[in-house]
Amino acid sequence: QVQLVESGGGLVQPGGSLRLSCAASGSIGSINTMGWYRQAPGKQRDLVASITRGGNTAYADSVKGRFTISRDNAKNTVYLQMTSLKPEDTAVYYCNADIIPRGSVYFSSYWGQGTQVTVSS
């Protein structure tokens, strides 16, 4: 079994910062791309940022220059540092990872349970 567990969400004022963490655990053989998605009420789930095992990153235009994704391969953990937060960043943030379970040769996509981020004064 493979699990992704997120932490770090909460309520923050506009202009504030938050750091999300997502740790993968269980029977893991290898982890390729890890990323963060978000879903606001009534909207689809959209990619926020992604990072490959080698450290190549990609960001949604709406968060470029404000959010930074990073990872610690030794800890199977991905982070999202969010700064200059805006009310429109309010959403449930989900961690995603492409993982080869131990004993397998195929990647499967895994999701965390989601963590709420609310930006409001």
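See above for the structure.
Now for a description of the structure that goes with this document. Because the structure is predicted, anything quoted here is derived from the model rather than measured. (Residues numbered from 1 in each chain as written. Predicted model: local features only at pLDDT ≥ 70, side-chain atom pairs only at ≥ 80, totals over all residues. Heavy atoms only, no water.)

**Some words on the sheet that holds strand 1 (residues 2–7)**
Alright, step 1. Across the sheet, which stays open at both edges, the four strands sit in the order 1-3-8-7 with antiparallel pairing between neighbours. Only two strands of the sheet have a single partner each, and these edge strands are strand 1 and strand 7 (67–72). Each strand of the sheet is rotated relative to its neighbour by a mean of 15°, with strand direction disregarded.
Alright, step 2. Relative to strand 8 (residues 77–82), strand 7 runs antiparallel, the two being bridged by six bridges. Across the sheet, the residue bridging to Phe67 is Met82, located in strand 8. (Pairing = 2+ DSSP bridges. Helix = DSSP H or I, 4+ residues; strand = E, 2+ residues; numbered from the N terminus. Axes fitted to C-alpha atoms, helices over the stretch in contact; angles between N-to-C directions.)

**Here we look at the packing of aromatic side chains**
Alright, step 1. Counted according to the given criterion, the structure contains one aromatic pair.
Alright, step 2. Seen in terms of ring centroids, Tyr37 and Trp111 are 4.9 Å apart; in terms of plane orientation they differ by 65°. Their pairing is edge-to-face. One end of the pair, Tyr37, is in strand 4 (residues 28–39); the other, Trp111, is in strand 10 (residues 108–111), and 74 residues separate them in sequence.
Alright, step 3. The partly exposed category is assigned to Tyr37, whose relative accessible area is 22%.
Alright, step 4. The ring of Tyr94 has Arg45 lying over it, and the distance from NZ or CZ to the ring centre is 3.6 Å.
Alright, step 5. Above the ring of Trp111, the side-chain terminus of Arg45 is found at 4.7 Å from the ring centroid. (Phe/Tyr/Trp six-rings, centres within 6.5 Å; stacked < 30°, edge-to-face > 60°. Buried < 20%, exposed > 50% of the residue type's maximum accessible area, 1.4 Å probe, protein only. Lys NZ or Arg CZ within 6 Å of the ring centre and 35° of its normal.)

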